[in-house]
Amino acid sequence: ERASTGWAGQANKGAGIWWYLAPEDDVDAFVKFHVDHIGHYIEDQDLLADFGRESLGILERGDGWTGRLQRRDGEIIHKRFKPFLPWSLTGMDVDFMRPLKRHARKLGVRFIDKTSLTDLLTDGGRVAGAVGFDLLDGSPIVIKAPAAIIATGGQSYRIMGMWSCQRGAGLGMAWRAGAQ
């Protein structure tokens, strides 16, 4: 985490607002909008469609870990933010990151704060870790791992000014490591 886990990142900047595809949202329209305006055709469109279809389930699973999703009569409260965006938004209490971090720790996730990872390490075409630096003293950091999950946010600075921090750093790491 570049800042402090549980207190930083896009989720907190979004005030607990989450996007997902509600049952009435169109997966094909979501993929088309994404590749035309956000990803510029560099993503796996089939995988993106699968992600869109699974987004509600992912949201429900997160709510099971935190209990912070906003509901009315058991149903998720949601709406469209802008009519041209082909997805729905819902809210989660802003403090959801703390119980989420507690749950992740119970699962054995280790956190490293105040760190910027810049590139993935590869070995034989597979991810073998990452490199970066400590933001407090600038010292280099090497992390060895059999896999990596890039959770640096997307590239959506062209969509809304509030996401100007999302410059595609994770996408760049994946691209430089050989992702197609």
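Residues numbered from 1 in each chain as written. Predicted model: local features only at pLDDT ≥ 70, side-chain atom pairs only at ≥ 80, totals over all residues. Heavy atoms only, no water.

Quick rundown of the overall build of the protein chain? Include the residues and the values.
Broken down by element type, the protein chain carries five helices and eight strands. N-terminal to C-terminal, the α/β element order of the protein chain is α-β-α-α-β-β-β-β-α-β-β-β-α. Relative to its 180 residues, the protein chain shows a buried fraction of 34%. Excluding contacts between residues fewer than 6 apart, the proportion of contacts in the protein chain whose partners are at least 24 apart in sequence is 50%. When the accessible surface of the protein chain is summed, it comes to about 11,500 Å², and 55% of that surface belongs to carbon and sulfur atoms. (Helix = DSSP H or I, 4+ residues; strand = E, 2+ residues; numbered from the N terminus. Buried < 20%, exposed > 50% of the residue type's maximum accessible area, 1.4 Å probe, protein only. Contact = heavy atoms within 4.5 Å. Areas by Shrake-Rupley, 256 points an atom, 1.4 Å probe, with all protein chains shown as cover.)

Before we move on, can you summarise a nonpolar patch on the surface with the specific residues and values?
Together, Ile42, Leu171 and Trp175 give the surface a local cluster of nonpolar side chains, amounting to about 320 Å² of exposed area. Structurally, the position occupied by Leu171 is in helix α5 (residues 169-176). (Patch = residues over 30% accessible without salt bridge, like charges linked within 9 Å, V, L, I, M, F, W, Y side chains within 5 Å. Salt bridge = Lys/Arg side-chain N within 4 Å of Asp/Glu carboxyl O.)

Could you give me a rundown of the confidence of the model for the protein chain, with the residues and numbers involved?
Per-residue pLDDT for the protein chain averages 84, and the proportion of residues at 70 or more is 86%. Model confidence for the protein chain, summarised as mean pLDDT per element, is weakest for helix α1 (residues 10-13) at 55 and strongest for strand β8 (residues 140-144) at 96. (pLDDT = per-residue confidence, 0-100.)

Pulling in residues and values, what's your account of the side chain of Thr90?
Relative to the helices and strands, Thr90 is located in strand β5 (residues 88-91). Reaching out from Thr90, the side chain makes a polar contact with the backbone oxygen of Ile77 at a distance of 2.5 Å. In this view, Thr90 contacts Gly16, Ile17, Trp18, Tyr20, Leu59, Leu69, Gln70, Ile76, Ile77 and His78; residues no more than four positions away in its chain are not counted. (Polar contact = N/O pair within 3.5 Å; in protein donor to acceptor, adjacent residues only side chain to side chain.)

Summarise the packing of aromatic side chains; cite the residues concerned and give the values.
Following the criterion strictly, the structure yields seven aromatic pairs and no others. Taken together, the aromatic side chains of Trp19, Phe30, Phe33, Phe51, Phe84 and Trp87 make up a single cluster linked through ring pairs. The ring of Phe111 has Lys101 sitting right over it, with the charged end atom 5.4 Å from the ring centre. (Phe/Tyr/Trp six-rings, centres within 6.5 Å; stacked < 30°, edge-to-face > 60°. Lys NZ or Arg CZ within 6 Å of the ring centre and 35° of its normal.)

Could you give an account of the sheet that holds β5, with specific residues and numbers?
Strand order in the open sheet formed by three strands is β1-β5-β4, and the pairing between neighbours is antiparallel. Pairing within the sheet leaves two strands with one partner each, and these edge strands are β1 (17-20) and β4 (78-79). On top of the sheet, helix α3 (residues 45-66) reaches β1 and β5; it is set at about 140° to β1, its chief contact. (Pairing = 2+ DSSP bridges. Axes fitted to C-alpha atoms, helices over the stretch in contact; angles between N-to-C directions.)

Describe the sheet that holds strand β6 (residues 115-123), listing the residues and the values that go with them.
Taken together, three strands build an open sheet; the order of strands is β6-β7-β8 and the sheet is antiparallel. Edge strands, defined here as strands with exactly one partner in the open sheet, are β6 and β8. Strand-to-strand twist in this sheet, taken as the mean axis angle between neighbours without regard to direction, amounts to 25°. In this structure, strand β7 (residues 126-134) lies alongside β8, joined through five bridges in antiparallel fashion. What sits directly across from Gly129, in β8, is Lys144.

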